[in-house]
Amino acid sequence: MTLETPETPATERTTVRRLRERGRYDRELIESILDEGLICHLGFVEDGHPFVIPMIHARAEDTVYLHGSPGSRLLNLMKRGADACMTVTIVDALVLARSAFHHSMNYRSAVVLGELREVIDRDEKLLASHALTEHVARGRWEFIRQPNDDELRKTLIVAMSLDEASAKVRTGPPVDDEEDYELPIWAGILPLPMTPAAPEPDPRLRPEIALPGHVRDWTREHAAPPTLEGGDE
């Protein structure tokens, strides 16, 4: 059964049509996928040509922020108030079935649709920089030199609202044709957790600087993103 909450109602554009039982519309799940996924892909049309660009993203409350270069084609796109489609996908496991037809993956994906908005306000830009840094490595913001005004001016930050969003999820073992369950073929799932390797220090790192805990204990389990002081814009 498809879940839906008043917080993120399904729209004509976000309603899952293929494999409807995998569709999810509850905000908590959508936000958790956005928070855990490291990279998003942003799709848009410019001058009649489609583009899909991988970008770093981060969520703060009901807004997703995207980090880019002021020289990118996104800036001209935003000036025209164009719509975009942002997707985040997390692959949890390979689903290995008895037949080639029923091989699949267990995954969680989120789709956000809406108009792009350039972030101009300094305080919101700083909030977005905070969120983007914490999205990559939670605990990093308080450990580093934070951006100065010149760096903020040189950074393009784009915002999208979560008003129109949905998720799609597959879990569980393979589902084979009934007659195939008797075949002498191994079937099941192969989990693919994201596990970091040992950190590699910068060659120019001073030898007395110790490895910080937020790097040593890095994980994709995220706490609640930061909020903008002073309430809504």
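None of the values given here were measured: they were computed from a predicted structure. (Residues numbered from 1 in each chain as written. Predicted model: local features only at pLDDT ≥ 70, side-chain atom pairs only at ≥ 80, totals over all residues. Heavy atoms only, no water.)

Student: Explain the environment of A165 to me, using residue names and the numbers behind them.
Tutor: Here A165 lies in strand 9 (residues 165-170). Taking C-alpha positions, A165 is 9.4 Å from D26, a pair spaced 139 residues apart along the chain. (Helix = DSSP H or I, 4+ residues; strand = E, 2+ residues; numbered from the N terminus.)

Student: Give me the lowdown on the nonpolar core, citing residues and values where you can.
Tutor: Ranked by internal contacts, the top residues of the largest apolar core, which has 25 residues, are L34, L42, L66, L74, M86, L116 and M160. The biggest single contributor to this core is strand 5 (residues 83-96), with four residues. The contacts of L74, once residues within four sequence positions are left out, are L42, F44, M55, L116, L156 and V158. Of all hydrophobic cores here, the second largest spans 10 residues; its members include Y65, V119, A131 and I157. (Core = buried A, V, L, I, M, F, W, Y, C linked by side-chain atoms within 4.5 Å. Buried < 20%, exposed > 50% of the residue type's maximum accessible area, 1.4 Å probe, protein only. Contact = heavy atoms within 4.5 Å.)

Student: Run through helix 3 (residues 122-136), naming residues and quoting values.
Tutor: Taking 1.5 Å of rise per residue, the 15 residues of helix 3 would be expected to cover 21 Å, and the 21 Å separating its terminal C-alpha atoms lies within 8% of that figure. Residues E124, K125, L127, A128, S129, A131, L132, E134 and H135 constitute the buried set of helix 3. On its buried face, helix 3 sits against helix 1 (27-36), strand 3 (49-60), strand 4 (63-68), strand 7 (117-118), helix 4 (149-153) and strand 8 (156-161). The N-capping residue of helix 3, defined by a side-chain oxygen 3.1 Å from the backbone nitrogen of D123, is D121. (Expected span 1.5 Å × (residues − 1). Polar contact = N/O pair within 3.5 Å; in protein donor to acceptor, adjacent residues only side chain to side chain.)

Student: Talk me through the pairing of strand 6 (residues 104-115); I want residue IDs and the actual numbers.
Tutor: Each regular strand carries side chains that alternate between the two faces of the sheet. In this structure, strand 5 lies alongside strand 6, joined through 12 bridges in antiparallel fashion. Within the sheet, the bridge partner assigned to A93 lies in strand 6 and is N106. Pairing geometry for strand 6 and strand 9, over six bridges, is antiparallel. Within strand 9, the position partnered with S109 by the bridge is K168. (Pairing = 2+ DSSP bridges.)

Student: Give me a nonpolar patch on the surface: which residues, what numbers.
Tutor: On the surface, V91, M105, L190 and L192 cluster together to form a nonpolar patch covering roughly 310 Å² of accessible area. Here V91 shows up in strand 5. (Patch = residues over 30% accessible without salt bridge, like charges linked within 9 Å, V, L, I, M, F, W, Y side chains within 5 Å. Areas by Shrake-Rupley, 256 points an atom, 1.4 Å probe, with all protein chains shown as cover. Salt bridge = Lys/Arg side-chain N within 4 Å of Asp/Glu carboxyl O.)

Student: An account of a negative patch on the surface is requested, with residue identities and associated values reported.
Tutor: On the surface, a cluster of negative charge is contributed by D177, E178, E179 and E182. Exposure remark for E182: the relative accessible area of 72% places this residue in the exposed category. (Lys, Arg positive; Asp, Glu negative; His and termini not counted. Charge placed at Lys NZ, Arg CZ, Asp CG, Glu CD.)

Student: Account for the environment of R145, naming residues and giving values.
Tutor: Following the sequence through the fold, R145 ends up in the loop between helix 3 and helix 4. Since its relative accessible area comes to 59%, R145 is described here as exposed. A distance of 2.7 Å separates a polar atom in the side chain of R145 from a polar atom in the side chain of E151.

Student: Describe the packing of aromatic side chains, naming the residues involved and giving the relevant values.
Tutor: By convention here, two paired aromatic rings are described through the distance between centres and the angle between planes. In total, this model carries one aromatic pair according to the counting rule given. With centroids separated by 5.8 Å and ring planes inclined at 25°, the aromatic side chains of F44 and F51 adopt a geometry described as stacked. Take F44: its relative accessible area is 4%, and that puts it in the buried class. You can call F51 partly exposed: its relative accessible area is 23%. (Phe/Tyr/Trp six-rings, centres within 6.5 Å; stacked < 30°, edge-to-face > 60°.)

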